[in-house]
Amino acid sequence: MPHYWQPSIDILKQSKKTENKMFSLCCIFICLVIRVGVNGDSDLSGCPSTEITWRYRARSGEKFILFCDVPRQGLCNRRNHPRKKKGDITEWQVVQWYKQPQNGSQPHAIQNDHLHISRKNNSLQFSPIDINDSGSYICAIKYKPKLIDESRKSKEITCFLNITVEVQPKKKTPCMESVKNELYLILGSTASVPCPGMNCEGDLQRQDVTWYKNGMLCPNWKNTNITFDEIYDYNNGVYVCDYNQFINSTWWIMRAVVEVNTTVKYTSLTPVIADPPTDKVTLEVELGKPLTLVCKAHFGPEKYFIPVIKWYVEDAELNREELRQENKSIINQPERKTIHYTSFLKKVTKKDLLRNFICFTQNSVGNTTRIIKLKQKRGVLFTYILFGTTLTLVVILLASAFIYCYWVEMVLLYRTYQAKDETLGDRKEFDAFVSYAKQDSFDKLDLSSLNEENFALDLLPKVLEKKYGYTLCLFERDVIPGGAYTEDIVKTIKRSRRVICVLSPSYVNSPTVFELQAAVNLALEDQTLKLILIKFSPFKEPDSLPHRVKKALTVLPTITWRSSNSAASDSRFWNCIRYHMPVKNQQRLGEKGFKIFPRMFSFKK
C-alpha cells in the first residue's frame, strides 16, 4: 500500500470500530455498483485504502477539498510536474460522487445543482463548507493498471472510496481570527505558508503535517509552515494540509485549505494615463458628428484592486456630469493592469465646444486626470450645411413627386391591408348609384365606338362589380318601375353611398342632369354621400344649369375617360374611381392586388 494512503500504525490500532462497519460499507458498495452500472469489473482488491474509512474534520465557513484519486508525488518547489514511472497506474477517472445522509437514508449522487459544491478534476470542493455538509461521501473511480506483459489488454477496474466528514463550528477565539485561508505573497520576497488553525488546536495529540499542492502530494513538506526563500509566480496554487488528531478515542484527519496568490510589490503611485498623453489636449471636431473619447490608464498591483476610471463633462460653472455610454476592457499583466475606457457622444453640439471633457482615474493611492477641449473644424461646416440642404431638398422633391404621381395607388394599397370597412352598419344598400344620359339606341360594346350608355351599363358593372366586388345601382336594372321618377331617384340616391355621374354634352343638356342636382342637394344633408364625376367626353356648361350644379362641377374632382388608355381594368382611371369609392375589405390583396402600381412596373407602357 502506498505511503500516502496509509495512516500510521497507531491509527490502525486505535480504529477498532472499522471492522464492524465493513459489512455495511460492502453493502453500500454493492448497491452503488448495481445503481451506477459502471462499465468494467468492480474489483476492490486493487483499490487503495479499501479496508478503512477516511475520517476528516473541517471548520465551517472555510474552503474544503476532498480528493478521490491517488495523489501523485511531485517536486512541489519546481515548475515541472514529475513524469510517471513504469508500473504506475496509468489513468484515474472519477465516475461519480455520492453522499450518505446522516439519517441513514440511501446515498444520492452529487449533481451540479449545489451553489457551494463543485467538481474539479477528481476532487470535490466546498466553497465554503457548512455544518449541513457533514456526512459520508463515496466516490466511484475507475482505472487501468499497468501490466507487466504489455501485449495483454488490462481490464478497467472500478473501486469505491468511503470518506467521512465532520464539520465543526469555527471557534470564536482571537487565535482563530488570525487564521488566513487566503495569502498574497510578493514576488522575490521570503515568505511562509502556515497550516491554517493548526496552532489553535491546543495540546491535542497530533502527528506530522501532510501537504498537498494543487492535488499533488508533497512528501518533503512535514512542518507546520512551508518556508520559501524566494517567491516565484509558480508558487501560486491551492495548498492543503492534513494532520492527525486523537479525539474521543478516535483518530481524525484535520484538513485545512489555503489559497496562495503571488503578486509584485504593491504600488505606491497613482494611476498613469497613457491616452490622452498630455493634459489639456485640444481636438478638432465637426458639429453634428459622433465623437469617441478614449482613456487608457495603467494601474499598479494592489491587494484589493478596485480601480476607478470615468469620463466627466464639466461646464463653465464647474458642474460635472458623467458620460454613461461606455465600453471598458482590461489587460492583465504581472506588473500592472491596463484599462481601456471608451465613451461616446452621439453628436457634437456648440455647447460641447465650451465644456471640458475629463478622464478621471483613481486607485487606493490617489487620482490622476486628463482634460480634453473641443475645437470646431474650419471650412467644413458650410460645405456640409450646403450639401445637406441640397440633398434634403432633392429628397423632398423626389418624394413629393413620387407621392403626387402614386398617391392613389398608395392609398389603395393601404386600404387593402389596414383600412376598416366603412360600409358596415350604415344601412345603405348600394355602393354607388350610376347616373348617365339615356340614348334612344345603343350599339353593342365596342371600345372603338363606346358611348356613355355602353360605358354605364356594360363597362362599369364589368369592372367595379365583377372584379372589385362593388354593388352598383342602375336605374333601368335595379329600380322597379311604377313610381314617380323624381321620388324614385331621390330614394335610390339615399340608399347609395356614392353617386357616379357620367358627364357628356348629352348629359348636361338633358333632363338627366336632375339626378346630378338631386345628388348635390342630398350630399349637403348627408356627409357620407359623395359624388364621383366622370368626364366621358368634353362638354360646355349650359347657362340653364342650376347654381349648385355649376359650383359642384367646378369644385368636385373630375376623372377623365381617355378611351383605350383607360379601358384596362388596372389602369389609373379605374384606380381613381376605386380611390373615391367606399372602403371595402371583402377582397384581400391577391394576384390582382399586385397590379395596384401598373404604371410603375409595366414595360409596355
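The model shown is predicted, which means the values in this text are computed figures rather than measured ones.

### Examining the pairing of strand S6 (residues 117-120)
Inference 1: Note that S6 and strand S7 (residues 123-126) share 4 bridges and pair antiparallel. When the bridges of S7 are listed, Lys120 appears paired with Ser123.
Inference 2: Connecting the antiparallel pair S6 and S7 is a turn made up of 2 residues, with Asn121 showing a positive phi of about 55°.

### Thoughts on the side chain of His298
Inference 1: Here His298 lies in strand S19 (residues 291-299).
Inference 2: Among the residues examined, His298 registers a relative accessible area of 15% and is labelled buried.
Inference 3: Only 2.9 Å separates the side chain of His298 from the side chain of Thr338, close enough to count as a polar contact.
Inference 4: Not counting chain neighbours up to four residues away, the residues in contact with His298 comprise Pro271, Val272, Ala274, Arg336, Lys337 and Thr338.

### Quick look at the sheet that holds S6
Inference 1: Within the open sheet, the 3 strands sit side by side as S3-S7-S6. Their pairing is antiparallel. The two strands at the open ends of the sheet, each matched to only one other strand, are strand S3 (64-67) and S6. Pairwise comparison of adjacent strand axes, ignoring direction, gives a mean angle of 20° for this sheet.

### Observations regarding the confidence of the model for the chain
Predicted coordinates in areas of low pLDDT are best not read in detail.
Inference 1: For the chain, the mean per-residue pLDDT works out to 78, and 77% of the residues sit at or above 70.
Inference 2: A low-confidence stretch, residues 588-594 (pLDDT under 50), is modelled with 8 contacts involving residues beyond four sequence positions or located in other chains.

### Section: the pattern of salt bridges
Inference 1: According to the stated counting rule, one finds 17 salt bridges in the structure shown.
Inference 2: Of the charged contacts in the structure, one is a salt bridge between Arg495 and Glu429, with a shortest N-O distance of 2.4 Å. Taken as a pair, Arg495 in the loop between helix H7 (485-494) and strand S28 (496-503) and Glu429 in the loop between helix H4 (381-417) and strand S26 (430-435) lie far apart in primary sequence, 66 residues in all.
Inference 3: Residue classification places Glu429 among the partly exposed residues on the basis of a relative accessible area of 45%.

### Notes on the packing of aromatic side chains
The geometry of an aromatic ring pair is captured by two quantities: the separation of the ring centres and the angle between the planes.
Inference 1: Taken as a whole and assessed by the stated rule, the structure comprises 18 aromatic pairs.
Inference 2: Seen from their ring centres, Phe455 and Phe573 are 6.1 Å apart, and the 65° between their planes marks the pair as edge-to-face. Taken together, the residues span a long stretch of sequence, with Phe455 in helix H5 (residues 452-465) and Phe573 in helix H12 (residues 572-580) at a distance of 118 residues. Like Phe455, the residue Phe573 is buried in the burial classification.
Inference 3: Here the aromatic rings of Phe475 and Tyr485 are separated by 5.7 Å at their centres, their planes lie at 75°, and the arrangement is edge-to-face. In this pair, Phe475 sits in helix H6 (residues 475-478) while Tyr485 sits in helix H7, placing the two residues 10 residues apart along the sequence.

### Re a nonpolar patch on the surface
Inference 1: Residues Phe387, Leu391 and Val395 make up a contiguous nonpolar surface patch of about 300 Å² in total accessible area.
Inference 2: Relative to the helices and strands, Phe387 resides in helix H4.
Inference 3: Its relative accessible area of 55% is what places Phe387 among the exposed residues.

### Quick word on the packing of H7 against helix H9 (residues 513-525)
Inference 1: At a closest axis distance of 10 Å, the pairing of H7 and H9 adopts a crossing angle of 45°. Between H7 and H9, the crossing angle belongs to the class labelled oblique. Handedness of the H7/H9 crossing: right-handed. Counting all contacts with H7, which are made through Tyr485, Thr486, Ile489, Val490, Ile493 and Lys494, the residues of H9 involved are Phe514, Glu515, Ala518, Ala519 and Leu522.
Inference 2: Residue classes in the contact of H7 with H9 are distributed as 8 nonpolar, 1 polar and 2 charged.

### Topic: unusual backbone geometry
Inference 1: In this structure, Pro128 follows Ser127 across a cis peptide bond, with omega equal to -10°.
Inference 2: Inspection of the secondary structure puts Pro128 in the loop between S7 and strand S8 (135-143).
Inference 3: Cis geometry marks the peptide bond from Asp275 to Pro276; its omega dihedral reads 5°.
Inference 4: Tracing the sequence through the fold places Pro276 in the loop between strand S17 (272-275) and strand S18 (281-285).
Inference 5: For Lys280, which is not a glycine, the phi torsion comes out positive at approximately 55°.
Inference 6: Summarising the element assignment, Lys280 is placed in the loop between S17 and S18.

### Things to note about the nonpolar core
Inference 1: Within the largest apolar cluster, 29 residues are counted, with the highest numbers of intra-cluster contacts made by Phe455, Leu460, Trp561 and Trp574.
Inference 2: Those elements giving two or more residues to this core turn out to be H4, S26, H5, strand S27 (472-474), S28, strand S29 (530-535) and H12.
Inference 3: If near-sequence neighbours (up to four positions away) are discounted, Leu460 is found in contact with Val434, Phe455, Glu465, Leu472, Ile500, Val502 and Trp574.
Inference 4: Ile489, Ala523, Ala552 and Leu553 belong to the second-largest nonpolar core, a separate cluster that totals 27 residues.

### Things to note about the state of the cysteines
Inference 1: With the rule as written, the count across this model stands at 3 disulfides.
Inference 2: Paired by a disulfide, Cys68 and Cys139 hold their sulfur atoms 2.0 Å apart. Disulfide Cys68-Cys139: the torsion about the S-S bond is 90°, which places it as right-handed. Taken together, the residues span a long stretch of sequence, with Cys68 in the loop between S3 and strand S4 (92-100) and Cys139 in strand S8 at a distance of 71 residues. Comparing Cys68 with Cys139, the two get one shared label, buried.
Inference 3: In this model Cys295 forms its disulfide with Cys359; the gap between the sulfur atoms is 1.7 Å. Within this pair, whereas Cys295 is found in strand S19, its partner Cys359 is found in strand S24 (residues 356-362), the two being separated by 64 residues in sequence. Just as Cys295 is buried, Cys359 falls in that class too.

Rules used in this analysis
Residues numbered from 1 in each chain as written. Predicted model: local features only at pLDDT ≥ 70, side-chain atom pairs only at ≥ 80, totals over all residues. Heavy atoms only, no water. Pairing = 2+ DSSP bridges. Helix = DSSP H or I, 4+ residues; strand = E, 2+ residues; numbered from the N terminus. Buried < 20%, exposed > 50% of the residue type's maximum accessible area, 1.4 Å probe, protein only. Polar contact = N/O pair within 3.5 Å; in protein donor to acceptor, adjacent residues only side chain to side chain. Contact = heavy atoms within 4.5 Å. Axes fitted to C-alpha atoms, helices over the stretch in contact; angles between N-to-C directions. pLDDT = per-residue confidence, 0-100. Salt bridge = Lys/Arg side-chain N within 4 Å of Asp/Glu carboxyl O. Phe/Tyr/Trp six-rings, centres within 6.5 Å; stacked < 30°, edge-to-face > 60°. Patch = residues over 30% accessible without salt bridge, like charges linked within 9 Å, V, L, I, M, F, W, Y side chains within 5 Å. Areas by Shrake-Rupley, 256 points an atom, 1.4 Å probe, with all protein chains shown as cover. Parallel < 35°, antiparallel > 145°, perpendicular 65-115°, else oblique. Left-handed = near helix turned anticlockwise from the far one by under 90°. Nonpolar A, V, L, I, M, F, W, Y, C, P; charged D, E, K, R; others polar. Core = buried A, V, L, I, M, F, W, Y, C linked by side-chain atoms within 4.5 Å. Disulfide = S-S within 2.5 Å.

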